[in-house]
Amino acid sequence: MTEGDHRSVSLDLLKQKMADFAKERDWDQFHSPRNLLLALVRSREIGRLEKEEKVHLGEELSDVLLYLVRLSDICGVDLGKAALRKVELNAIKYPASKQYAATTITNSRSVGDV
């Protein structure tokens, strides 16, 4: 895929590419859930990037996505299905018919809510 390619990329494709990438380099030994989570934590640089740094921002966001895809694969979690389930749970918890103030959402959110 090239930069101008606008086809959709599936999580399954990313999962396979990441698994192949790690295997080719014998990196599976380093890809424990703990190590992948630590790599995600190191991705905190995203919050310091400006919108104008779109290429760099895209690279950092891609790192986060790839770590999540790899972590979900190592842990045996279908990330796509888990994300869809989470959206459904959040829709129940936060019905569209209710009005929300910014402070209400911030104060009522649990760690697992997006």
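Residues numbered from 1 in each chain as written. Predicted model: local features only at pLDDT ≥ 70, side-chain atom pairs only at ≥ 80, totals over all residues. Heavy atoms only, no water.

## Re the environment of Asp28
Tracing the chain through its elements places Asp28 in the loop between helix 1 (11-24) and helix 2 (33-41). A relative accessible area of 41% means that Asp28 is categorised as partly exposed. When the C-alpha atoms of Asp28 and Ile74 are compared, they prove to be 9.2 Å apart, with 46 residues separating the residues in sequence. Aside from chain neighbours lying at most four places away, what touches Asp28 is Ala22, Lys23 and Arg70. (Helix = DSSP H or I, 4+ residues; strand = E, 2+ residues; numbered from the N terminus. Buried < 20%, exposed > 50% of the residue type's maximum accessible area, 1.4 Å probe, protein only. Contact = heavy atoms within 4.5 Å.)

## Brief notes about the pattern of salt bridges
With the rule as written, the count across this model stands at three salt bridges. Across the pair Asp28 and Arg70 runs a salt bridge whose closest N-O atoms are separated by 2.3 Å. With Asp28 in the loop between helix 1 and helix 2 and Arg70 in helix 3 (residues 54-75), the pair connects residues that are 42 residues apart, well separated along the chain. Under the relative-accessibility criterion, Arg70 is labelled buried at 3%. Linking Arg70 and Asp73 is a salt bridge whose minimum nitrogen-to-oxygen distance equals 3.6 Å. One end of the pair, Arg70, and the other, Asp73, are both in helix 3, three residues apart, so they sit about a helical turn from each other. (Salt bridge = Lys/Arg side-chain N within 4 Å of Asp/Glu carboxyl O.)

## Observations concerning the packing of helix 2 against helix 3
Put simply, helix 2 and helix 3 touch, their axes get as near as 9 Å, and they point 165° apart. Taken as axis vectors, helix 2 and helix 3 run roughly antiparallel relative to one another. As for the relative orientation of helix 2 and helix 3, their crossing is left-handed in sense. Listed contacts from helix 3 to Pro33, Leu36, Leu37, Ala39 and Leu40 of helix 2 are Val64, Tyr67, Leu68, Arg70, Leu71, Ile74 and Cys75. (Axes fitted to C-alpha atoms, helices over the stretch in contact; angles between N-to-C directions. Parallel < 35°, antiparallel > 145°, perpendicular 65-115°, else oblique. Left-handed = near helix turned anticlockwise from the far one by under 90°.)

## What about the layout of surface pockets?
Quantified by volume, the largest pocket comes out at close to 260 Å³. Taken together, 13 residues make up the lining of the largest pocket; nearest its centre are Trp27, His31, Leu36, Ala39 and Tyr67. Listed by contribution, the elements that provide at least two residues to the lining of the largest pocket are helix 1, helix 2 and helix 3. In terms of residue count, helix 2 provides more of the lining of the largest pocket than any other element does, four residues in total. As a volume, the second largest pocket reaches approximately 200 Å³. Lining the second largest pocket are Arg7, Ser8, Val9, Ser62, Leu65 and Leu66. (1 Å grid on protein atoms, 1.4 Å probe; cavity = no way out; pocket = protein on both sides within 12 Å on 5 of 7 lines; lining within 4 Å. Points joined across faces, edges and corners; volume = space filled by probe spheres on them.)

## Quick notes on helix 3
Taking 1.5 Å of rise per residue, the 22 residues of helix 3 would be expected to cover 32 Å, and the 31 Å separating its terminal C-alpha atoms lies within 8% of that figure. Every buried residue belonging to helix 3 is among Glu60, Val69, Arg70, Leu71 and Ser72, and all of these are buried. Among the structural elements, helix 1, helix 2 and helix 4 (79-93) are those in contact with the buried residues of helix 3. Remark: Gly76 follows helix 3 within two positions and exhibits a positive phi of approximately 75°. (Expected span 1.5 Å × (residues − 1).)

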